[in-house]
Amino acid sequence: MTERDIVPLLDQLIARINTSGPMPFEEFMEVCLYDLEDGFFATGPLRSTISGDFLTSPEVSSWFGRTLGRFVASEQHRLGRDGFFVADVGAGSGSLLKAVAREIEFGSIDVWAVDRSPAARAALSDQSDWVVGKGIADLPEQVSGVILANELLDNLPTALAVWTGNRWEERFVGIQSGALSLVRVPARTEVSSWSTQFGGIVPDGGMVEVQLAAGDWLRAALGKMRRGSIVIIDYGGTAEELEPRRTRGTLRTYRAHHLGPDPLLEPGKTDITSDVNFSSLMAIAAEAGCTIDLYRQDDFLEVWGLREEIRRLRHQELDLARQGDPIERLKVRSQRIDIEALVHPRGLGDFRVLVLGVA
Ligand SMILES: C[S@@+](CC[C@H](N)C(=O)[O-])C[C@H]1O[C@@H](n2cnc3c(N)ncnc32)[C@H](O)[C@@H]1O
């Protein structure tokens, strides 16, 4: 056993800050989520499942993936069957890809399931016809097809910027009275210019999560694509839509299906996340010459036929009630309720779906 094995992550971070000084928030978040021994996604159960810490749309109902699969099938039809490529980055349990796969035609199709978490990769490896990788860099070059990312970008490390009334400051993670604490430092140039461009109107003392890593991820994904679409689904909104939340910012933690404690309190033991700033992603996509469509999740799923599915299930429920089959009726009802959760206007339906077309 090495010394590292027995030193809790909190103590490791305190020792590191004592030696090297306060660390940028994105470095802190990177360690808390992805440290190979103690990071939240490296330890414990598969986080995006019922026995884990949060439930994502593909885990709520397979109809999320099946409806998205209709979009993927239309791309397959447009781009051609042979050599068609589908990747899910941050694939988690693989539930999204499994559902998408039900809607597409298998020719010489290339399916990639990519995740940074060893627990997720172990789950994904059960599917013998998928190639499993760790990150966007592993995908082949010049693909024609679709790259999906559901609730990935909200987990990429962010810097924290605060507007003081006349300039941007940053919050690094330092130590005060022996505990981790956010400390004020002058903003780095890239952080202040991102905040000015995408922070929107921020009140004095208001906080912006600076998503440079999400932008780097998108550039890397665009770099892989010859033709097709990148579909990014997540909570968040445009810079303008996020403005009302700028007083306190959107940084938060989750654990065991509830909001968790302050991110500094239990490093490695909670998810750390923030709302995705879709304006910053759209700016990168525009620069790359993509077509850009931004939907609410409820609208996107409606366009691809999910309301029809809800109607079909309602009719089935009525038929089963008439036939006097309460058990089957309850099963269908529970399926319908799960599907309705995907389009709930104040829940998953309020997520955004960004579809970027690469000619
Ligand atoms: C919130 S979970 C979402 C999982 C899945 N997409 C779903 O919807 O159920 C985020 C996943 O992204 C993975 N992840 C985080 N950063 C990543 C990266 N840079 N490349 C690939 N996977 C990453 C995490 O390990 C985690 O499994």
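Here, the structure is the one placed above.
Since the model is a prediction, treat every value here as computed from it, not as a measurement.

What follows concerns the side chain of Thr 67. Residue placement: Thr 67 occurs in helix α5 (residues 62–79). Looking at Thr 67, the relative accessible area reads 0%, which means it is buried. Side-chain polar atoms of Thr 67 contact the backbone oxygen of Trp 63, separated by 2.5 Å. If near-sequence neighbours (up to four positions away) are discounted, Thr 67 is found in contact with Leu 301, Trp 304 and Leu 306.

Residues that lie three or four places apart on an α-helix share one face, since the helix turns once every 3.6 residues. With 18 residues, helix α13 (residues 306–323) should cover 26 Å at 1.5 Å per step; its first-to-last C-alpha distance of 26 Å lies within 8% of that length. All of the buried residues along α13 are Leu 306, Glu 309, Ile 310, Leu 313, Glu 317 and Leu 320. Projected onto a plane normal to the axis of α13, the buried residues spread over an arc of 100 degrees and lie on a single side. In this structure, the buried residues of α13 make contact with α5, α12 (297–303) and α14 (326–342). Count one or two residues on from α13 and you reach Gly 324, which has phi positive near 70 degrees.

Once that is clear, we can look at the sheet that holds strand β17 (residues 352–358). Ordered by their spatial adjacency, seven strands build an open sheet running β4-β3-β2-β5-β10-β17-β16, and the pairing between neighbours is mixed. Each edge of the sheet is formed by a strand with only one pairing partner; in this case those strands are β4 (131–133) and β16 (291–296). Within the sheet, the average angular offset between the axes of one strand and its neighbour, ignoring direction, is 15 degrees.

So, on to the site of the ligand. In the region of the ligand, 19 residues are neighbours, and Tyr 34, Thr 56, Gly 90, Asp 115 and Asn 150 sit closest. Here Thr 56 contributes a side-chain N or O atom positioned 2.6 Å from an oxygen atom of the ligand. In the environment of the ligand, an oxygen atom lies 2.8 Å from a nitrogen or oxygen atom belonging to the side chain of Asn 150. Relative to its unbound accessible surface of 600 Å², the ligand loses 95% to contact with the protein.

The description of an aromatic ring pair rests on the distance of the ring centres and on the angle between the ring planes. Counted by the stated rule, this structure contains nine aromatic pairs. When the centroid spacing of 5.2 Å and the interplanar angle of 80 degrees are considered together, the rings of Phe 40 and Phe 41 count as edge-to-face. Its relative accessible area of 13% is what places Phe 41 among the buried residues. Within the aromatic cluster, the residues linked to one another by ring pairs are Phe 71, Tyr 295, Phe 300 and Trp 304. Its guanidinium or amino end placed over the ring of Trp 63, Arg 66 lies 4.3 Å from that ring's centre, counting from NZ or CZ.

Here is what the cut-offs are and how they apply
Residues numbered from 1 in each chain as written. Predicted model: local features only at pLDDT ≥ 70, side-chain atom pairs only at ≥ 80, totals over all residues. Heavy atoms only, no water. Helix = DSSP H or I, 4+ residues; strand = E, 2+ residues; numbered from the N terminus. Buried < 20%, exposed > 50% of the residue type's maximum accessible area, 1.4 Å probe, protein only. Polar contact = N/O pair within 3.5 Å; in protein donor to acceptor, adjacent residues only side chain to side chain. Contact = heavy atoms within 4.5 Å. Expected span 1.5 Å × (residues − 1). Arc of directions from axis to C-beta. Pairing = 2+ DSSP bridges. Axes fitted to C-alpha atoms, helices over the stretch in contact; angles between N-to-C directions. Near = heavy atom within 4 Å. Areas by Shrake-Rupley, 256 points an atom, 1.4 Å probe, with all protein chains shown as cover. Phe/Tyr/Trp six-rings, centres within 6.5 Å; stacked < 30°, edge-to-face > 60°. Lys NZ or Arg CZ within 6 Å of the ring centre and 35° of its normal.

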